[in-house]
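# Residue-level structural notes
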Amino acid sequence: MDGRYRLRVRNFGPIRDAEVEIRPLTVFVGPSNTGKSYLAGLLYALHRALGPAGGGDPLGLLLRRFSRREELDEELQRDVALWLDTTVERRVRLPATLAARVYEDLNQSSLGATLAQEVARCFGVENTAALVRHSSRPLTASLDVVVAQAKDEARLRAALNPNAKSPSVDVDVGAHRFSLRELQQLREEDDLPSEGLFAGLTSAAARVIDGVTHNVFHTAFRPLRDSAYFLPADRTGVMHSHHVIVSALLQRASLAGIRRFDGVPMLSGVMADFLDVLVSHVSQLNRWPGRSEGTPELAEGIEQRVLNGRVQVNAGEVGYPAFSYRPSGWRQDLPLMRASSMVSELAPVVLYLRHVVRKGDLLIIEEPESHLHPAKQTTFARELAAIVNAGVRVVITTHSEWFLEQIGNLVRAAELPVGKRESTNAALKAEDVGAWLFQDTDGEGSTVSEIKVDPDTGLFPTDYGPVSDALYNEHAAIFNALEGDSDE
């Protein structure tokens, strides 16, 4: 299991129809305003809603379960007891009565409200109705998440109705199976005897069903339970102005209840989380390097081979962090505001990797090529391959032909024998890379299709070719016109 899952989205933002598979490296490419950031933001919101950031119990099941103990009939209690008494050497399915009860609770949980709240927060809107694609006729946005494990598929469907506050959610976890170890764990957690569970067990059975429900959901949708981090576009501007933004927010906060502020702009959850990680989490961990929670070796690779220097965090006034850059060979730090835009753009990537992002996490980076010379773009693409090979899942949005071409080369390099590769990290398995082209369809919203490396050219077929052809034709026309003038 490498964290793959499929996502189908309809009528969401600019997107009319998209079906993508999230792989170890997922690339969104295509013209501006076709929904790349929308889909990336939705991925982030899903992980936030279903993962640890959602409070650890996004289903809101525990209280509901214990308030309904009286509904546990004798047949269900008997089936729970018999199931727990099962001795197996392989995985076993849930009894039909217990499975029906678990699926009922999943679909009556607070998952819909939790998901709606997180999606709206991440996009900075009042409610999810604002994210439904506009059209001449009423539309309903929908998302369909599918996680395949062995022979089973788990599916979560949500419909975003413009007239409803919360989306309707339907969850199907498939033929979920439990191992003997998991059964024993349920017995131990609920202090249940191994025999004779046939009378007066309403409370015990309720606890078991609650534990089973959580186990089923968290196991079935395991890839969405991992932490996700979003590095938005325009990181340079944020890194240069973050202290001004926070200072303004603090000043306004100090006047709360004294002065009313109308029309105060609202930060999207994506940007608020980004600032919070940099200002709070990273700066705190930086004070105790031994407590770093990230993957510092990956951060060092970017510093050495792309930035040619080290990104640093220092305690500024009142403990507020000050970010700086020390070029290789220098003895003094350079304030980030005076460093190149390339350094400011990649500094958050370095800090996230050093202090926050761990193996198994999902790292979403918008436009990683921003403010990078083409040579640096290709070098950074190779570093991203190393990050993926180290076990971090990566999603990027890009407009860079150079970046995508380097990814294509790394995919082709995986076909070489190991001894002929430049390094063990300088290759990406084709099945671990997914590239998806977003295209506008006559003003009726964008559609998304997978593009694969052409075995003859080693390139991903994109919309860059027509642009290149148009430039060449323009050049030829100008050249011919100039030659005609010189002949007169």
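Everything below is about the structure shown above.
Now for a look at the structure at hand. (Residues numbered from 1 in each chain as written. Predicted model: local features only at pLDDT ≥ 70, side-chain atom pairs only at ≥ 80, totals over all residues. Heavy atoms only, no water.)

### Regarding the overall build of the protein
Our working definition: Counting from the N terminus, the helices are DSSP H or I runs at least four residues long and the strands are E runs at least two residues long. Think of it in three bands: with a 1.4 Å probe and only protein chains considered, a residue is buried below 20% of the maximum accessible area for its type, exposed above 50%, and partly exposed in between. By the convention used here, residues are in contact when the closest approach between their heavy atoms is within 4.5 Å. Throughout, the Shrake-Rupley method with a 1.4 Å probe supplies accessible areas, and for residues the shown protein chains are the sole cover considered.
Within the protein one finds 15 helices and 16 strands. Residue burial in the protein is summarised as follows: out of 488 residues, 48% are buried. Taking the intrachain contacts of the protein between residues at least 6 apart in sequence as the baseline, contacts between residues at least 24 apart amount to 72%. A total of about 23800 Å² of accessible surface is found on the protein, and carbon and sulfur atoms cover 50% of it.

### Thoughts on the pattern of salt bridges
Keep this limit in mind: What counts as a salt bridge is simple: a side-chain nitrogen of Lys or Arg found within 4 Å of a carboxyl oxygen of Asp or Glu.
For the structure shown, the criterion picks out 23 salt bridges. The partner of arginine 23 in a salt bridge is glutamate 450, and the shortest N-O contact between them spans 2.9 Å. Taken together, the residues span a long stretch of sequence, with arginine 23 in the loop between β2 (15-22) and β3 (25-29) and glutamate 450 in strand β16 (residues 446-451) at a distance of 427 residues. The partner of glutamate 345 in a salt bridge is arginine 235, with the nearest N and O atoms 3.2 Å apart. Of the two residues, glutamate 345 sits in helix α12 (residues 341-355) while arginine 235 sits in helix α9 (residues 235-254), which places them 110 residues apart along the sequence.

### Quick look at the packing of helix α13 (residues 374-389) against helix α14 (residues 401-413)
Note the following rule: For helices, the fitted line uses only the C-alpha atoms of the stretch in contact; every axis is such a line through C-alpha atoms, and the angle between N-to-C directions lies from 0 to 180 degrees. For classification, angles of less than 35 degrees are called roughly parallel, those exceeding 145 degrees roughly antiparallel, those between 65 and 115 degrees roughly perpendicular, and all remaining angles oblique. Note on convention: near helix rotated counterclockwise from far helix by under a right angle means a left-handed crossing. Clockwise means right-handed.
Relative orientation of the contacting elements α13 and α14 amounts to 45 degrees, with a least axis distance of 8 Å. When the interaxial angle is binned, α13 and α14 end up oblique. As for how α13 packs across α14, the hand of that crossing is right-handed. Residues Pro374, Gln377, Thr378, Phe380, Ala381, Arg382, Leu384 and Ala385 of α13 pack against Trp402, Phe403, Gln406, Ile407 and Leu410 of α14.

### Digging into the pairing of strand β7 (residues 168-172)
Rules: For two strands to be treated as a pair, DSSP must find no fewer than two bridges joining them.
Of the two faces of β7, only one is covered, namely that formed by Val169 and Val171; the face formed by Ser168, Asp170 and Asp172 stays uncovered. Relative to β7, strand β6 (residues 152-160) runs antiparallel, the two sharing five bridges. Looking across to β7, one finds that alanine 158 is bridged to valine 169.

### As for helix α11 (residues 296-307)
For the α-helix, the turn length of 3.6 residues means that residues three or four positions removed from each other point alike. For α11, the complete set of buried residues consists of Leu298, Ala299, Gly301, Ile302, Glu303, Val306 and Leu307. Phi turns positive, to about 55 degrees, at asparagine 308, one or two residues after α11.

### Topic: the nonpolar core
Quick reminder of the rule: Among buried residues, those of type Ala, Val, Leu, Ile, Met, Phe, Trp, Tyr and Cys that are joined through side-chain atoms within 4.5 Å constitute a nonpolar core.
Of all hydrophobic cores here, the largest spans 65 residues; its most connected members are Leu7, Leu156 and Phe221. Counting residues per element, this core draws most heavily on helix α1 (residues 36-50), at nine residues. Excluding residues that lie within four positions of it along the chain, leucine 156 makes contacts with Leu50, Leu111, Leu143, Asp144, Val145, Val169, Asp170, Val171, Phe217 and Phe221. Residues Val27, Leu275, Ala385 and Leu410 belong to the second largest nonpolar core, which totals 60 residues.

### Some words on the packing of aromatic side chains
The following threshold applies: Each Phe, Tyr or Trp ring (for Trp, its six-membered ring) is paired with any other whose centre lies within 6.5 Å, and the angle between the two planes then decides the class: stacked below 30 degrees, edge-to-face above 60, tilted in between.
Within this structure, the stated rule accounts for nine aromatic pairs. On the basis of an interplanar angle of 70 degrees and a centroid distance of 5.8 Å, the ring pair of tyrosine 44 and phenylalanine 230 is categorised as edge-to-face. Remark: phenylalanine 230 occurs in strand β9 (residues 228-231) and tyrosine 44 occurs in helix α1; sequence separation between them is 186 residues. The pair tyrosine 44 / phenylalanine 230 is uniform in exposure class, with both members buried.

### Things to note about α1
Short version of the rule: To estimate how far a helix should reach, multiply one less than its number of residues by 1.5 Å.
Given a rise of 1.5 Å per residue, 15 residues ought to cover 21 Å, and the 22 Å separating the end C-alpha atoms of α1 matches this to within 8%. Buried residues dominate α1, accounting for 12 of its 15 residues. For α1, the complete set of buried residues consists of Lys36, Leu39, Ala40, Gly41, Leu42, Leu43, Tyr44, Ala45, Leu46, His47, Ala49 and Leu50.

### Side note on the side chain of glutamine 377
We apply this condition: Within 3.5 Å is the distance limit for a polar contact, defined as a pair of N or O atoms, with the added protein rule that one can donate a hydrogen and the other accept it, and that residues adjacent in sequence qualify only through two side-chain atoms.
Relative to the helices and strands, glutamine 377 is located in helix α13. On the basis of relative accessibility, which here comes to 7%, the residue glutamine 377 falls in the buried class. Polar contacts involving the side chain of glutamine 377 include one to the side chain of serine 400, which spans 2.3 Å. Excluding its chain neighbours within four sequence positions, the residues that come into contact with glutamine 377 are Glu369, Leu372, Ser400, Trp402 and Phe403.

### What about unusual backbone geometry?
One non-glycine residue, asparagine 33, adopts positive backbone phi at about 65 degrees. Tracing the backbone shows asparagine 33 in the loop between β3 and α1. One non-glycine residue, asparagine 308, adopts positive backbone phi at about 55 degrees. Checked against the element boundaries, asparagine 308 lands in the loop between α11 and β10 (309-315).

### Regarding the packing of α11 against α12
The condition is simple: Gly counts as polar in this scheme, as do all residues outside two lists: the nonpolar Ala, Val, Leu, Ile, Met, Phe, Trp, Tyr, Cys and Pro, and the charged Asp, Glu, Lys and Arg.
For the pair α11 and α12, the least separation of the axes is 7 Å and the interaxial angle reads 160 degrees. When the axis of α11 is compared with that of α12, the two are roughly antiparallel. The hand of the α11/α12 crossing is left-handed. For the pair formed by α11 and α12, the contact residues are Pro296, Leu298, Ala299, Ile302, Glu303, Val306 and Leu307 on the first element and Met342, Val343, Leu346, Val349, Val350, Leu353 and Arg354 on the second. In the contact of α11 with α12, the residues fall into 12 nonpolar, no polar and two charged.

### Notes on the environment of alanine 220
With respect to the secondary-structure elements, alanine 220 resides in helix α7 (residues 202-220). For the pair alanine 220 and valine 173, spaced 47 residues apart in the sequence, the C-alpha separation amounts to 6.1 Å.

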